Protein chains: 2
Amino acid sequence: MTTRDPGRSNNRGRRPGAPDTRAEILASARALFATRGFSSTSVRSIAAAAGVDPSLVHHYFGTKDDLFVAALELPVDPRVALQPVMEGGLEGAGERLLRVFLSVWDDETARLSLLGLVRGVFEPSGRQLLRDGLIGVVLGPIGPALGVDEPQRRVSLVASQVIGLVMLRYVLEVEPLASMDGEVLVATYAPTLQRYLADPLP
Amino acid sequence: MTTRDPGRSNNRGRRPGAPDTRAEILASARALFATRGFSSTSVRSIAAAAGVDPSLVHHYFGTKDDLFVAALELPVDPRVALQPVMEGGLEGAGERLLRVFLSVWDDETARLSLLGLVRGVFEPSGRQLLRDGLIGVVLGPIGPALGVDEPQRRVSLVASQVIGLVMLRYVLEVEPLASMDGEVLVATYAPTLQRYLADPLP
DNA sequence: CGCCATTTTCATCATGTGTTGAATTATGAG
DNA sequence: CTCATAATTCAACACATGATGAAAATGGCG
């Protein structure tokens, strides 16, 4: 957005003032990675969105892959956020889990990173990132911590519902899910999750 | 894979025999689009996989976009496949819907097309394809046909669970979901879908 | 002020992309 | 056999991409 003064013949060299250009680049990268995914986002488009030369992107962040992981720095530590879910016991665990997810995703600043991550997972070579990442780190500990039988199976059932919700509500923004009230969502989905977590499995 | 005879000095010109090269190209395109998505799959890689010059791809299918839609020709007409779901009444509709989905997705030949479609949906500019496609055409008629209240809302709830299942089981191939028996899946998920379709909503 | 480190652009490279047009060879109809 | 047509590759284009190295401008420290 910010174009340089075209009056001067040469725009080269340091810019006056103290603009945090590095942060602007990172913000642009986050936004673009989140909406277009990794491979469809060019370094040049990020630089253009930040009003900056592409070289500057490399100067600050190195390679494009480096920039991606820098843009993905999660604003939440999942293990911390999910602690109340695991501590509260089996009763109501589904509802608590859902509340944590919704509160994280409905935070505007966190959303961009999360969308970038989700998009990255579905690009080639990003598949086991989710398998080992989301399932392993985010949801993985929940099953054992709640002391249920067949924890892996139960957790993947829960994941299938949560991921579907995320896809439709946040990634594809399908109505009426996208603009549905959080409390209604909790009331709708909590029983499902609770069943997957606690009820006897076939 | 099929390389030409390197003994001859020039490989140009028509190939002897009657190989259905067009079909081979289409098969390669399906496989690559399904695993890597649209933008990460190059015309050249498709040509290479079919053992063919890139020009031939254009000769047969025109532009890359044309090839994509050609590769996406669904082997099933969703409206036909879903007819029994709508005709059977509300009772057991969730289970019937699930059975249709699983039978289509577990067919090896259909799977590649479907994976390509799903991947395409999550690429930039492919978003409203799902919104209008899957929701509108595939699942859309189900709600009204079953005569339930708030059909859009119910259908999007169902979609959120089905899509999550598809993502984990077929796209990311997360265990134990990926190798779970179909009947077990039906027993597990049918109650959820039935609840979304028929139970009172909050 | 003088100087060094930082920030920024410019010019450029090597590579990969989608696409086109001409050239070459085999097939099949008459 | 002849010859038009279809099948196939070669060579090249115009362009976008990720990346690099050098040059220029500014800020802050002495």
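Thresholds applied
Residues numbered from 1 in each chain as written. Chains lettered and ligands numbered in written order. Predicted model: local features only at pLDDT ≥ 70, side-chain atom pairs only at ≥ 80, totals over all residues. Helix = DSSP H or I, 4+ residues; strand = E, 2+ residues; numbered from the N terminus. Buried ≥ 20, exposed ≤ 12 C-beta atoms within 10 Å, placed from the backbone. Contact = placed C-beta atoms within 7 Å. Near = placed C-beta within 6 Å. Nonpolar A, V, L, I, M, F, W, Y, C, P; charged D, E, K, R; others polar. Axes fitted to C-alpha atoms, helices over the stretch in contact; angles between N-to-C directions. Parallel < 35°, antiparallel > 145°, perpendicular 65-115°, else oblique. Left-handed = near helix turned anticlockwise from the far one by under 90°. Domains from an automatic or database assignment. Expected span 1.5 Å × (residues − 1). Core = buried A, V, L, I, M, F, W, Y, C linked by C-beta atoms within 7 Å. Least-squares fit on C-alpha atoms with pLDDT ≥ 70 in both.

Brief notes about the overall build of chain A
What chain A contains, in helices and strands, is 12 helices and 0 strands. Shown N-terminal to C-terminal, the secondary structure of chain A runs as helices and strands in the order α-α-α-α-α-α-α-α-α-α-α-α. Residues classed as buried in chain A amount to 36% of the 202 residues present. Taking all contacts inside chain A whose residues are at least 6 apart in sequence as the whole, residues at least 24 apart take part in 64%.

Here's the deal with the interface of chain A and chain B
In this complex, chain A contributes 35 residues to the contact, which on the side of chain B involves 34 residues. Residue assignment for the side of chain A that touches chain B shows that the elements contributing at least two residues are helix 1 (21-36), helix 9 (127-139), helix 11 (151-171) and helix 12 (182-198) of chain A.

A word on the protein's contact with DNA strand C
As a matter of local geometry, DNA strand C sits amid 29 residues, with T21 and S55 of chain A together with G13, R14 and T63 of chain B nearest to it. Elements supplying a minimum of two residues to the surface near DNA strand C: helix 3 (54-61) of chain A together with helix 2 (43-49) and helix 3 (54-61) of chain B. Within the surface near DNA strand C, the residues separate by chemical class into 7 nonpolar, 13 polar and 9 charged.

Structural notes on the packing of helix 8 (residues 108-121) of chain A against helix 11 of chain A
Residues and elements named next belong to chain A. At a minimum axis separation of 12 Å, helix 8 and helix 11 run at an interaxial angle of 120°. Between helix 8 and helix 11, the interaxial angle falls into the category oblique. Taken as a pair, helix 8 and helix 11 cross one another with a handedness that is left-handed. On helix 11, the residues that touch R111, L115 and V118 of helix 8 are V166, Y170 and V171. The class makeup of the residues in the contact of helix 8 with helix 11 is 5 nonpolar, no polar and 1 charged.

Quick look at the domain arrangement of chain A
Residue and element names in this part refer to chain A. Its domain assignment divides chain A into domain 1 (21-71) and domain 2 (78-198). For domain 1 versus domain 2, the separation of C-alpha centres amounts to 28 Å. Contacts between the two partners involve 9 residues from domain 1, matched on the other side by 7 residues from domain 2. If you list the elements that add at least two residues to the side of domain 1 that touches domain 2, you get helix 1 and helix 4 (64-71).

So, helix 7 (residues 93-105) of chain B
Residue and element names in this part refer to chain B. Under the 1.5 Å per step criterion, the end-to-end length of helix 7 is 18 Å for 13 residues, consistent within 8% with the ideal 18 Å. Buried within helix 7 we find A93, G94, R96, L97, L98 and F101. In this structure, the buried residues of helix 7 make contact with helix 6 (83-87), helix 10 (142-146), helix 11 (151-171) and helix 12 (182-198).

Overview of the environment of L172 of chain B
With respect to the helices, strands and loops of the structure, L172 of chain B is situated in the loop between helix 11 and helix 12. Taking the C-beta count within 10 Å as the criterion, L172 of chain B has 22 such neighbours and is therefore assigned buried.

Thoughts on the nonpolar core
Core analysis: the largest hydrophobic core is formed by 98 residues, its most contacted members being V158 of chain A together with V158 of chain B. For V158 of chain A, the residues in contact, after removing those within four places along its chain, are L139, L193, Y196 and L197 of chain A.

As for the packing of helix 1 of chain A against helix 3 of chain A
Residue and element names in this part refer to chain A. Closest axis-to-axis distance for the helix 1/helix 3 pair is 10 Å, and the angle between their directions is 100°. In terms of axis orientation, helix 1 runs roughly perpendicular to helix 3. Contact residues: helix 1 offers T21, R22 and I25, while helix 3 offers L56, V57 and Y60. Class assignment for the residues of the contact of helix 1 with helix 3 results in 4 nonpolar, 1 polar and 1 charged.

What to know about the relation of the copies chain A and chain B
Overlay of chain A on chain B (RMSD 0.1 Å): rotation 180°, translation along the axis 0.0 Å. The relationship between the two copies is best expressed as a two-fold rotation axis. Considering only C-alpha atoms, the residue of chain A closest to the rotation axis is G164 of chain A, which sits at 1.8 Å. Taken together, the interface assignments show that 97% of the residues at the interface of chain A recur at the interface of chain B, consistent with an identical surface on both copies.

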